[in-house]
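Examining the three-dimensional arrangement
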Amino acid sequence: MHVVHPPKTPDSAGYDDQAPELLRTYQTWKGSNIFFLGGRFIFGPDVRSVFLSIFLIVAPVSVFCAFVARKLINDFPHHLGVLIMVVVILFTFYVIILLLMTSGRDPGIIPRNTHPPQPETTDQSPEVGPGQTPQLRLPRIKEVTVNGMIVKVKYCDTCMLYRPPRCSHCSICDNCVERFDHHCPWVGQCIGRRNYRFFFMFVSSATLLCIYVFGFCWVYAIKIMHSEYVSIWRALIKTPASIVLIIYTFLAVWFVGGLTIFHSYLISTNQSTYENFRYRYDRSENPYNKGIFGNFKEVFWDTIPASKNNFRAFVKKEPELPTRVTGGNYVNSDVEKSPIDIEMGDRKPIWKNGPATGDSGGTYGGGGGDLQPHPRQSSWGRRSGSWDLQNEVGSIASGIGYSDRVSGRSTDSLGGSRDVVVK
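Residues numbered from 1 in each chain as written. Predicted model: local features only at pLDDT ≥ 70, side-chain atom pairs only at ≥ 80, totals over all residues. Heavy atoms only, no water.

For the protein chain, the name recorded in an unreviewed UniProt entry is S-acyltransferase, with Lactuca virosa as its organism. Note on the protein chain: under the UniProt heading Subcellular location (unreviewed entry), the record states "Endomembrane system". Word for word, the UniProt comment on the protein chain under Sequence similarities (unreviewed entry) is "Belongs to the DHHC palmitoyltransferase family." (UniProt positions renumbered as here; feature names shortened; annotations may be inferred.)

Here it is in structure tokens:
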């Protein structure tokens with residue numbers, strides 16, 4: 001006799017065995033990041049380069065303290081020579097702290113969606129025969145208007161979301177990052193909206209540290225020249241450590257000093273490194289430029305937005321998505337990736353009242369106001385064609401704040417478009 005057993009209740013035996021496994025967010029993280037101290041610190045996959053950078057800072061400072069600053073302690077009245085060593089040690093710790101604050105924090109990662117949005121167009125390719133289900137496809141590009149200029153936001157197949165303006169997918173960390181600037185191998189982390197301030201302070205402070213060591217090496221050589229009545233070159237020969245440090249710091253200033261000047265220019269024009277090399281806003285109007293004072297205020301005085309990710313929060317372990325059959329072909333549940341996913345933005349800004357210039361791709365823009373956290377939105381399970389563009393475009397435009405009316409428009413592979421006005 002076949003007996004139908006009643007469903008198990010929470011009091012039934014074995015219920016706990018079927019309960020979903022709870023893990024912390026960092027334990028189920030799909031990016032390439034490396035976490036420390038239970039998800040309290042997040043680094044890029046090349047975190048080892050941080051230790052190399054620390055060595056390149058600490059080693060020359062140690063040589064300076066042992067062979068230069070120690071010899072200058074008694075050469076200045078009122079014990080002022082002691083300050084030479086104290087200042088260089090404290091300033092070195094300050095530079096290392098800025099390095100760790102740059103590399104060990106969330107740079108502005110956009111949380112991934114668990115499912116792609118509901119496709120709204122169908123692939124009318126001739127291969128689709130009678131009785132077969134056509135392949136549903138998402139529009140690759142959406143357009144939003146920022147300060148009278150149309151910028152494109154692109155769909156990210158990896159994160160299954162439309163990237164906000166000025167957002168890009170880092171191929172090294174495998175995350176979409178707000179106001180993506182670049183991935184710095186020296187700090188082992190992406191440079192984005194939430195750590196750009198500390199990155200600039202790090203490179204500028206490292207430049208000042210190099211200048212400090214460079215200058216007092218010459219002071220020590222001049223002291224030897226005056227005390228022993230020899231030429232400056234003979235004085236340098238008597239302190240080979242100073243020669244090594246002078247050459248080392250001179251080369252370092254060319255590197256970190258050049259970065260400081262370059263990023264000072266980028267801040268003054270409200271551009272990122274990626275935008276500067278890709279869009280060349282100096283040849284056209286930048287929709288995010290607030291003026292020199294406003295641009296520096298945005299970087300150094302505006303409140304840094306909170307992270308959109310709680311890496312220590314408990315989440316349910318996601319089951320593997322099954323492979324489904326569509327039109328006789330096996331298709332994974334994720335949206336099919338294309339080679340242009342590596343592309344991280346548009347080449348040119350597109351004028352609202354002029355001809356569009358540039359390739360298709362997500363435009364990095366954003367700059368004016370703080371982007372609010374985007375909840376993980378999903379239209380999975382809705383009927384085809386019922387996905388509302390207002391939800392997606394509105395979430396992107398809500399944090400921009402440049403204009404009262406932001407229009408959203410999507411284009412698909414068939415060349416069609418639809419206009420939506422988000423009030």
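On the surface, a cluster of nonpolar side chains totalling about 570 Å² of accessible area is made up of Leu52, Phe55, Leu56, Trp186, Tyr248 and Phe255. Put simply, the parts of the chain that give the nonpolar patch at least two residues each are α1 (48-67) and α5 (240-269). Examining the composition of the nonpolar patch, we find that three residues originate from one element, α1, more than from any other. (Patch = residues over 30% accessible without salt bridge, like charges linked within 9 Å, V, L, I, M, F, W, Y side chains within 5 Å. Areas by Shrake-Rupley, 256 points an atom, 1.4 Å probe, with all protein chains shown as cover. Salt bridge = Lys/Arg side-chain N within 4 Å of Asp/Glu carboxyl O. Helix = DSSP H or I, 4+ residues; strand = E, 2+ residues; numbered from the N terminus.)

Turning to the packing of aromatic side chains, a few remarks are in order. Under the definition given, this model contains 17 aromatic pairs. The interplanar angle of 90 degrees and the centroid separation of 5.3 Å between the aromatic rings of Phe36 and Phe43 together place this pair among those described as edge-to-face. A residue is classified by how much of its surface remains accessible, and Phe36, at 36% relative accessible area, is partly exposed. Judged by centre distance (5.5 Å) and plane angle (65 degrees), the rings of Phe200 and Phe300 are edge-to-face. One end of the pair, Phe200, is in helix α3 (residues 196-228); the other, Phe300, is in helix α7 (residues 292-300), with 100 residues separating them in the sequence. Looking at Phe300, the relative accessible area reads 22%, which means it is partly exposed. Here the aromatic cluster, defined as three or more aromatic residues joined through ring pairs, consists of Tyr26, Trp29, Phe35 and Phe311. Between the NZ or CZ atom of Arg166 and the centre of the ring of Tyr288, over which it lies, the distance is 4.8 Å. (Phe/Tyr/Trp six-rings, centres within 6.5 Å; stacked < 30°, edge-to-face > 60°. Buried < 20%, exposed > 50% of the residue type's maximum accessible area, 1.4 Å probe, protein only. Lys NZ or Arg CZ within 6 Å of the ring centre and 35° of its normal.)

This part covers the pairing of strand β6 (residues 141-146). Among the six residues that make up β6, six are buried, leaving the element largely enclosed by the rest of the structure. In the sheet, β6 pairs with strand β7 (residues 149-156) via six bridges, with the strands oriented antiparallel. Bridge pairing in β7 places Lys142 opposite Val153. Turn length for the β6-β7 hairpin, with the two strands adjacent in sequence and antiparallel, is two residues, and the turn residue Asn147 shows positive phi of about 55 degrees. (Pairing = 2+ DSSP bridges.)

For the rest of this paragraph, the subject is the UniProt feature "transmembrane region" (unreviewed entry) in the protein chain. UniProt's entry tags residues 50-69, 81-102, 198-221 and 241-262 with the feature "transmembrane region" (unreviewed entry), counted in the numbering of this structure. For the annotated span residues 198-221, helix accounts for 100% and strand for 0% of the residues, and the straight-line distance between the end C-alpha atoms is 35 Å. Between the C-alpha atoms that bound residues 241-262 there is a distance of 31 Å. The span itself is 100% helix and 0% strand.

The biggest cluster of nonpolar side chains holds 40 residues, and the ones touching the most others in it are Phe64, Val68, Val88, Phe202 and Cys217. Within the residue set of this core, elements represented by two or more residues are α1, α2 (81-103), α3, α4 (232-237) and α5. Here this core gets 14 residues from one element, more than from any other, and that element is α3. Counting six residues, the second-largest nonpolar core is a separate cluster that includes Ile110, Cys156, Cys167 and Cys176. (Core = buried A, V, L, I, M, F, W, Y, C linked by side-chain atoms within 4.5 Å.)

Another point: α7. Regarding α7, the residues found buried are Gly294, Asn295, Glu298 and Val299. With its buried residues spanning 135 degrees around the axis, α7 presents them on a single face. Within α7, the exposed residues directed more than 90 degrees away from the buried face are Ile292 and Phe293. Those residues of α7 that are buried are in contact with α3 and α5. (Arc of directions from axis to C-beta. Contact = heavy atoms within 4.5 Å.)

Okay, the state of the cysteines next. In this structure the tally under the stated criterion is zero disulfides. Free cysteine Cys159: the closest other cysteine sulfur is in Cys176, separated by 3.6 Å. (Disulfide = S-S within 2.5 Å.)

Here we come to the side chain of Glu298. With respect to the helices, strands and loops of the structure, Glu298 is situated in helix α7. There is a polar contact of 3.0 Å between the side chain of Glu298 and the side chain of Asn270. (Polar contact = N/O pair within 3.5 Å; in protein donor to acceptor, adjacent residues only side chain to side chain.)

This part takes up the packing of α5 against α7. Packed helices, taken two at a time, are described by their axes: the angle between them and the distance between them. Where α5 contacts α7, the two axes come as close as 7 Å, and the packing angle between them is 110 degrees. The orientation of α5 relative to α7 falls into the category roughly perpendicular. Counted together, Ser264, Ile267, Ser268 and Thr269 of α5 and Ile292, Asn295, Phe296, Val299 and Phe300 of α7 form the full contact between these two elements. Grouping the constituent residues of the contact of α5 with α7 by class yields five nonpolar, four polar and no charged. (Axes fitted to C-alpha atoms, helices over the stretch in contact; angles between N-to-C directions. Parallel < 35°, antiparallel > 145°, perpendicular 65-115°, else oblique. Nonpolar A, V, L, I, M, F, W, Y, C, P; charged D, E, K, R; others polar.)

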